[in-house]
Amino acid sequence: MGSFMGSLFVCCIAMLFTLCFGADPFANFELEYSYITVSPLGVSQQVIAVNGKFPGPVLNVTTNYNVVVSVKNELDENLLVTWSGIRMRRTSWQDGVLGTNCPIPAKWNFTYQFQVKDQIGSFFYFPSINMQRVAGGFGSFIVTNRNIIPIPFSPPDGDIVIIIGDWYTRSHKALRKDLDDGKQLAMPDGVLINGKGPYRYNNTLVPDGIDYETINVDPGKTYRVRVHNVGSSTCLNFRVQNHNLLLVETEGYYTSQQNYTNVDIHVGQSYTFLVTMDQNASSDYYVVASARFVNQTIWQKVTGVAVLHYSNSKGKATGPLPDPPNDVYDTSYALNQAMSIRQNVSASGARPNPQGSFHYGQINVTDVYLLKSVPPVSIDGKLRATYNGISFKNPATPMRLADVYYVKGDYKLDFPTKPMNRPPKVETSIINATYKGFIEVVLQNNDTVVQSFHMDGYSFFVVGMGFGEWTENNRGSYNRWDAISRSTTQVFPGGWTAVLLSLDNVGVWNLRSENLDRWYLGQETYMRIINPEDHSNKTELPVPENALYCGALASKQKKQKTSSATSIFGSSELYFILLLVFSAVISLLC
């Protein structure tokens with residue numbers, strides 16, 4: 001009853017705001033996190049489901065909507081949900097990572113509320129702590145255009161969501177223990193497509209009886225295909241047999257439209273393609289996601305295969321899979337493909353103005369941060385991963401809460417702008433960034449594996465990539481006109497990636513490796529961006545009424561409320577007052 005009344009209340013308030021004040025509409029979702037048992041690779045295992053589904057449901061909203069997500073934690077451990085690529089304008093309170101939020105205890109509820117302001121495109125949500133993403137809990141988060149804003153291509157005939165990722169048959173708790181014990185993660189057991197194992201394209205590599213994904217299409221139609229790599233650490237090459245992939249968007253920005261036969265999708269990245277069903281349907285076709293930058297002979301089993309089924313297909317898919325890129329001895333292939341992804345500077349984005357109107361290449365850089373990663377090292381007898389020799393330790397009290405309530409010693413604002421010549425150490429050290437600054441971040445990957453770098457709260461311009469050690473001379477190769485803007489970029493082993501961004505979103509924002517093992521071992525930090533002149537919450541919203549408290553502020557935490565409505569708005573008295581106001585307004589309108 002409480003859940004129903006809470007949902008009714010939120011709907012009423014949304015209608016009230018819309019009717020009376022012309023505010024942006026609300027979209028409401030309820031997500032219950034729990035365990036279910038499935039066998040995606042033929043081995044029975046416990047996975048994390050959302051609303052009983054694996055993967056979780058697609059959350060579909062329109063840009064500028066206010067999003068209200070009630071999360072119920074039915075797991076046996078703490079939970080946080082983060083929203084990869086959603087910028088969370090003015091409200092890092094809703095970001096869902098340990099540096100900004102206290103975790104949701106087992107059997108508790110928490111309601112996230114944020115606006116998808118001026119964003120469009122393909123994103124996803126996932127659990128951000130305890131290595132839980134390796135067990136599931138993820139789903140697609142789609143932000144569509146308002147009707148008044150044209151899209152830079154003909155409306156597709158349908159939408160298809162494809163979630164890919166490497167997969168282990170061992171639990172996230174077992175994998176977590178391996179890392180805690182100083183072991184590296186073993187090779188994944190396979191690759192899933194929409195939570196299912198591979199189609200039996202090879203009787204030796206794929207055992208019988210595995211449930212695979214079938215994507216049903218009609219001949220002659222064009223579909224918008226959104227692909228997310230939610231895996232733990234493996235870059236996957238995505239391709240559809242005999243079909244071109246027309247790239248049109250990635251992580252919130254329209255791209256210059258060009259066809260690819262295959263695209264490398266790194267951990268944490270999202271892409272949107274237009275795929276036209278222009279084949280003769282003599283048989284079904286393979287949809288493939290295969291491991292990259294690994295020993296292909298050993299990793300042959302780590303391949304995801306789904307089936308593209310035309311409604312007039314004459315038979316099952318047979319024969320060998322379409323070939324992956326043959327670039328073992330050509331390190332430039334993958335880099336050139338990455339840099340070929342350019343922004344469509346003539347298209348309107350979420351607002352009726354050209355995306356390219358922001359001439360980032362003409363802005364003076366105010367600060368430079370060089371973040372170097374190396375293979376995990378032992379610090380005080382524990383395996384740890386680092387940026388600039390610092391392995392991040394999450395604070396007991398989320399950092400912005402510590403600021404508001406004057407908790408001292410929770411963290412340090414002394415993260416080095418470049419690698420230091422000193423032994424590595426474990427610290428809660430973050431970047432003290434300047435509001436309205438325009439910064440350059442150079443990611444130097446001296447690790448042995450390809451990595452994905454992600455920043456919460458922002459999209460950044462990927463202006464350059466290369467191999468070897470970055471030097472200032474590399475700035476001459478930067479793309480200063482139409483570099484793609486996104487929130488997750490790859491950094492090749494033995495190479496570097498450079499990004500530019502404008503620090504206009506106040507809050508404390510996570511910078512991390514999206515490779516789950518490196519992230520878990522401490523390869524992250526935060527960027528603290530504060531507007532010293534904001535005394536009226538214009539550039540940052542206040543602490544939410546339903547904020548959870550922990551660490552030094554644990555005594556402030558009230559008993560768990562049972563109503564999702566009161567968890568948002570704070571008190572049952574306000575609940576009934578607003579219901580009365582809503583009733584009165586409706587009476588007047590009628």
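If you're wondering where the values come from, they're calculated on a predicted model, not measured in any experiment.

What follows concerns the overall build of the protein. The helix and strand inventory of the protein stands at seven helices and 33 strands. Relative to a compact globule of 590 residues, whose C-alpha radius of gyration would be 25 Å, the protein shows 24 Å and is just as compact. Along the longest, intermediate and shortest principal axes, the C-alpha atoms of the protein span 65 × 65 × 50 Å. Within the protein, the fraction of its 590 residues that count as buried is 58%. Taking the intrachain contacts of the protein between residues at least 6 apart in sequence as the baseline, contacts between residues at least 24 apart amount to 78%. Surface accessibility of the protein: about 23,700 Å² in total, with carbon and sulfur atoms responsible for 51%. Between the centroid of the 48 positive side chains of the protein and the centroid of its 48 negative side chains there is a distance of 3 Å.

Bringing the pairing of strand 5 (residues 81–84) into the picture now. The alternating pattern of strand 5 places Val81 and Trp83 on one face and Thr82 and Ser84 on the opposite face, and all of these are buried. Note that strand 5 and strand 7 (residues 121–127) share four bridges and pair antiparallel. Across the sheet, the residue bridging to Thr82 is Phe126, located in strand 7.

Glancing now at the packing of aromatic side chains. In the structure shown here, the tally under the stated rule is 24 aromatic pairs. Each ring, one from Tyr199 and one from Tyr286, has its centre 6.2 Å from the other, and the planes form 55°; the classification is tilted. Placement of Tyr199 in the loop between strand 10 (190–193) and strand 11 (214–217) and of Tyr286 in strand 18 (residues 285–291) is noted, with a sequence separation of 87 residues between them. Ring centres 6.1 Å apart and planes at 10° place the aromatic pair Phe238 and Phe273 in the stacked group. Here the residue Phe238 occupies a position in strand 13 (residues 236–240), and Phe273 occupies one in strand 17 (residues 270–276), the gap between them amounting to 35 residues. You'll find Phe238 and Phe273 in the same group, each marked buried. Cluster of aromatic residues (ring-pair linked, three or more members): Trp83, Phe110, Tyr112, Phe114, Tyr125 and Phe141. One cation-aromatic arrangement involves Arg133 over Phe126; the distance from NZ or CZ to the ring centre is 4.7 Å. Residue placement shows Arg512 over the ring face of Trp519; its charged tip is 4.3 Å from the ring centre.

Quick look at the sheet that holds strand 1 (residues 26–38) now. In spatial order, the strands read 2-1-4-6; together these four strands make up an open sheet with mixed pairing. Each end of this open sheet is capped by a strand with a single partner; those strands are strand 2 (45–50) and strand 6 (109–115). Along the sheet, successive strands turn relative to each other by an average axial angle of 20°, direction set aside. Pairing analysis gives eight bridges linking strand 1 to strand 4 (residues 66–73), with the strands arranged parallel. In the strand pairing of strand 4, Tyr33 is matched with Asn73.

Its location among the elements puts Asp517 in helix 5 (residues 516–520). For Asp517, a relative accessible area of 10% gives the class buried. Among the polar contacts listed, one links the side chain of Asp517 to the side chain of Arg518, at a separation of 3.0 Å. Non-local contacts of Asp517, meaning those with residues more than four positions away in its chain, are made with Met131, Leu179, Leu185 and Ser233.

On to the nonpolar core. Core analysis: the biggest nonpolar cluster contains 107 residues, and Tyr33, Trp83, Tyr112, Phe141, Ile162 and Phe273 have the highest contact counts within it. Sorting elements by how many residues they give to this core places strand 1 first, with five residues. With 21 residues, the next largest nonpolar core counts Met131, Leu383, Ala385 and Leu516 among its residues.

Moving on: the state of the cysteines. Under the counting rule described, the total for this entry stands at one disulfide. A sulfur-sulfur distance of 2.1 Å marks the disulfide that ties Cys102 to Cys550. Sign of the S-S torsion, about -85° for the bond between Cys102 and Cys550, identifies this disulfide as left-handed. With Cys102 in the loop between strand 5 and strand 6 and Cys550 in the loop between strand 33 (524–530) and helix 6 (564–569), the pair connects residues that are 448 residues apart, well separated along the chain. Residue classification places Cys102 among the buried positions, given a relative accessible area of 5%. Its relative accessible area of 18% is what places Cys550 among the buried residues.

We now examine the side chain of Ser232. Inspection of the secondary structure puts Ser232 in the loop between strand 12 (222–229) and strand 13. Overall, the relative accessible area of 3% leaves Ser232 in the buried class.

The feature "domain: Plastocyanin-like" (unreviewed entry), as annotated in UniProt, sits at residues 34–147, 159–313 and 397–533 in this numbering. Along residues 397–533, the helical share is 8% and the strand share 41%, with 25 Å between the first and last C-alpha atoms.

What follows concerns helix 3 (residues 332–340). The set of residues buried in helix 3 consists of Ala334, Leu335, Gln337, Ala338 and Met339. Where helix 3 is buried, its residues touch strand 15 (253–260), strand 16 (263–265), strand 28 (460–467) and strand 30 (488–491).

So, about helix 2 (residues 172–180). When we look at burial in helix 2, the residues that qualify are His172, Leu175, Arg176, Asp178 and Leu179. All buried residues of helix 2 project into a common sector of 155° when viewed along the axis, lining one side. On its buried face, helix 2 sits against strand 1, strand 2, strand 22 (382–384) and helix 5. Where helix 2 ends, the next residue or the one after it, Gly182, has phi of about 85°, a positive value.

Procedures and definitions
Residues numbered from 1 in each chain as written. Predicted model: local features only at pLDDT ≥ 70, side-chain atom pairs only at ≥ 80, totals over all residues. Heavy atoms only, no water. Helix = DSSP H or I, 4+ residues; strand = E, 2+ residues; numbered from the N terminus. Rg over C-alpha atoms; globule rule 2.2 N^0.38 Å. Buried < 20%, exposed > 50% of the residue type's maximum accessible area, 1.4 Å probe, protein only. Contact = heavy atoms within 4.5 Å. Areas by Shrake-Rupley, 256 points an atom, 1.4 Å probe, with all protein chains shown as cover. Lys, Arg positive; Asp, Glu negative; His and termini not counted. Charge placed at Lys NZ, Arg CZ, Asp CG, Glu CD. Pairing = 2+ DSSP bridges. Phe/Tyr/Trp six-rings, centres within 6.5 Å; stacked < 30°, edge-to-face > 60°. Lys NZ or Arg CZ within 6 Å of the ring centre and 35° of its normal. Axes fitted to C-alpha atoms, helices over the stretch in contact; angles between N-to-C directions. Polar contact = N/O pair within 3.5 Å; in protein donor to acceptor, adjacent residues only side chain to side chain. Core = buried A, V, L, I, M, F, W, Y, C linked by side-chain atoms within 4.5 Å. Disulfide = S-S within 2.5 Å. UniProt positions renumbered as here; feature names shortened; annotations may be inferred. Arc of directions from axis to C-beta.

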